[in-house]
Amino acid sequence: MLGAMQDFELRVPRVIEHAEREYGSREIISRWADGSETVTDWAGIARDSRKLAQALERRGIRKGDRVATLAMNHSRHLVAWHGTIGMGGIVHTINPRLFEDQLAYIGNHAEDRVLIYDRMFQPIVDKLKPQWKTIEHYIVFDGDGPDSFEAVIGAEDGNYTWVEGDEREPCMLCYTSGTTGNPKGVLYTHRSSMIHAMAELQPAVFDLSTQSVVLPVVPMFHAVGWGLPFAAPMAGVKLVMSAVNDGKTLCDLMNRERVTHTAGVPTVWFAMFQHMDATGEAPQHLKVVTIGGSAAPRAMIERIMKMGARVNHAWGMTETSPIGTMGAPTHDWDELSFEQKVEKTVFQGRAPFGVELRTVDEDGTILPRDGISSGRLQIRGPWIIKQYFQDANGPCLTADGWFDTGDVAVLHPDGIMQITDRAKDVIKSGGEWISSVELENAAVGCPGVAEAAAIGIYHPKWDERPLLLVVRKPGSDVTAMQVQQHLATQVAKWWLPDEIRFVESLPHTATGKLLKTALREQYRDFRFAAAG
Ligand code: ADP
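If you're wondering where the values come from, they're calculated on a predicted model, not measured in any experiment.

**Re the environment of E438**
Looking at where E438 falls in the secondary structure, it is placed in helix α13 (residues 436-444). When the C-alpha positions of E438 and A68 are compared, they lie 37 Å apart, and in sequence the two are 370 residues distant. Beyond its immediate stretch of four places on either side in the chain, E438 contacts Q418, T420 and W495.

Structure below.
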């Protein structure tokens, strides 16, 4: 057939070129760990990325080699991504909050050849250097001397042409924090990253344009920084990046730079609310607040919506690049009451074009989207994992090509997805499932409760019953009775915990989520008094 369209490989360096050409002077502000600030722009990021690409090649790094970063969010970290990917390398973001043996494992498993890190992580590097077998070059983002990032790129002229290749070549590697066993690597391709980033720009997802001022609180080492380091230059946004994430720093930056979009896990907002309560200050210009990584509690959603921002409740995982669903306003949004809007936002939203969702029961039978049937959530699409990095077990998919997320969900008739729990965290009581997540979120809505965790405890009659562990807010003397009474207004009676215990703190994973495996282990032999 005659006639055709032009073609180019969907490779990441095209994005930084686009940002340089179209939005070259749009700023990127970095607030560093020592409190200092620097300003660059997309043209500056592109220029420095070319220099880094040259510097890496000078050190013998070649296409397909892994360049690791151990760093918070700042412009040089962005340069490390775009420079490495631009010379055909694979960026491996390391989560500094992992346990030491995990850090040692993933550096070796990834066969990293270079590590670029923040000075604040020097103690980790000193400790692990003898264990990391493949790392030949150490570069310090905010260091002085010959191994500093400035010196390394300062020696280059930036006269460089990006390495070309197939769009299905890999460009990023990120390990899941793994609550059991060794972390597993997820290897993203240029193509998957580009399609995912394009999907993120949509109004129904991040809603990004060059008018946006974005402060991604989510660290770049957490699930590809939720794709923002690629989506931001695509849209030509102004970026505000902070290496420290306390409430005051973030609130001040948001107000001074008139931040319109931010994204982070719920914990970020607990800290922000504390700052707001203590000072009476609040971010003034936010339009879209994306919350994901774990369920956003209702009270949090209400408060942010009252501040005048849209809450984008996102669900995803490292294996899904990470955006799986996003809670954009529905078609009838303007007709809904505040209560109804909150009601919808408590759920995790809809799949954007590009991903498909289904729920299945224990036998793999596909369940109806009826808003009631709860089953294992499965997902497929061009930015969803097929096989873990260097995993000899082969593809991690069902026989018909879907990835089982390990989450339990309900799909509603209007397409909205509701995560009810992680499959391994649900509390199985008398053949029915109690959602630990819903119990926890109901509990944190109780005044005086800072954080809560619900786990299933063996029960001779019901198989399992809920134990609720509660951390009080500083200065609060909330009682178990008060928490029970609050819960009774929120959940079914048979969901109410058999016992509530107060604890000083709860264990968390490296990405700030409750570490349920540790709690289950700790309370393995616990028995409810009444159950004998
Ligand atoms: P991990 O924390 O296991 O390293 P991820 O950061 O990829 O890995 O976490 C993915 C998991 O986080 C999901 O499978 C889901 O259980 C949970 N999650 C993410 N977003 C949400 C949300 N909005 N509501 C409830 N759970 C969520």
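**Section: the pairing of strand β11 (residues 261-264)**
By the alternation rule, side chains of β11 split into H261 and A263 and T262 and G264, which are all buried. As defined by bridge partners, strand β9 (residues 213-216) adjoins β11 across three bridges and the pair is classed as parallel. The partner of P216 across the bridge, within β11, is A263. Where β11 lies against strand β12 (residues 288-291), four bridges are found, and the strand directions are parallel. Residue pairing across strands places G264 opposite I291, the latter belonging to β12. On the question of chirality, the crossover connecting β11 to the parallel β12 by way of helix α10 (residues 266-279) is right-handed.

**Description of helix α9 (residues 247-256)**
For α9, the full list of buried residues reads G247, T249, L250, C251, L253 and M254. Buried positions along α9 lie against β1 (27-31), β2 (37-41), β9, β10 (238-242), β11 and α10.

**A short note on the site of the ligand**
Residues in contact with the ligand amount to 17 residues; listed here are only the nearest, S177, A314, T318, D407 and K513. Residue A295 places a main-chain N or O atom 3.2 Å away from a nitrogen atom belonging to the ligand. With respect to the ligand, the backbone of A314 contributes an N or O atom lying 2.7 Å from a nitrogen atom. If the ligand stood free it would expose 570 Å²; the protein chains cover 92% of that surface. When contributions to the shell around the ligand are tallied by element, the ones reaching two or more residues are β13 (310-316) and β18 (417-422).

**Digging into the nonpolar core**
Core analysis: the largest hydrophobic core is formed by 104 residues, its most contacted members being W42, M172, F206, F230, L239, W269 and I304. It is helix α2 (residues 42-58) that contributes the most residues to this core, seven residues altogether. Mapped onto the domain boundaries, this core takes at least three residues apiece from domain 1 (8-23 + 39-190) and domain 2 (356-422). Beyond its immediate chain neighbours, meaning those up to four positions away, M172 contacts W81, I85, I90, V91, T93, V186, L187, Y188, V224 and F230.

**Side note on the sheet that holds β2**
Pairing within the open sheet is mixed, and its eight strands lie in the order β2-β1-β10-β9-β11-β12-β13-β14. Either end of the sheet is taken by a strand with one partner, and the two such strands are β2 and β14 (323-326). Direction aside, neighbouring strands of the sheet carry axes that sit 20° apart on average. Set on the sheet, helix α11 (residues 298-306) makes contact with β12 and β13; between it and β13 the angle comes to about 140°.

**Observations concerning the domain arrangement of the protein**
Accessible area lost during the coming together of the parts is what is often quoted as the interface size. Along its sequence, the protein is carved into domain 1 (8-23 + 39-190), domain 2 (356-422) and domain 3 (427-531). The distance between the C-alpha centroids of domain 1 and domain 3 comes to 41 Å. Taken together, the contact between domain 1 and domain 3 spans six residues of the former and five residues of the latter. For the domain 1 and domain 3 pair, buried surface summed over both sides reaches about 450 Å², with 65% attributable to carbon and sulfur atoms. One can count zero salt bridges joining domain 1 with domain 3. Counting every contact that joins domain 1 to domain 3 gives zero residue pairs in polar contact (both at pLDDT 80 or more). Residue classes in the side of domain 1 that touches domain 3 are distributed as one nonpolar, four polar and one charged.

Calculation criteria
Residues numbered from 1 in each chain as written. Predicted model: local features only at pLDDT ≥ 70, side-chain atom pairs only at ≥ 80, totals over all residues. Heavy atoms only, no water. Helix = DSSP H or I, 4+ residues; strand = E, 2+ residues; numbered from the N terminus. Contact = heavy atoms within 4.5 Å. Buried < 20%, exposed > 50% of the residue type's maximum accessible area, 1.4 Å probe, protein only. Pairing = 2+ DSSP bridges. Right-handed = clockwise from strand over helix to strand, strands pointing away. Near = heavy atom within 4 Å. Polar contact = N/O pair within 3.5 Å; in protein donor to acceptor, adjacent residues only side chain to side chain. Areas by Shrake-Rupley, 256 points an atom, 1.4 Å probe, with all protein chains shown as cover. Core = buried A, V, L, I, M, F, W, Y, C linked by side-chain atoms within 4.5 Å. Domains from an automatic or database assignment. Axes fitted to C-alpha atoms, helices over the stretch in contact; angles between N-to-C directions. Buried area = accessible area lost by both parts, 1.4 Å probe. Salt bridge = Lys/Arg side-chain N within 4 Å of Asp/Glu carboxyl O. Nonpolar A, V, L, I, M, F, W, Y, C, P; charged D, E, K, R; others polar.

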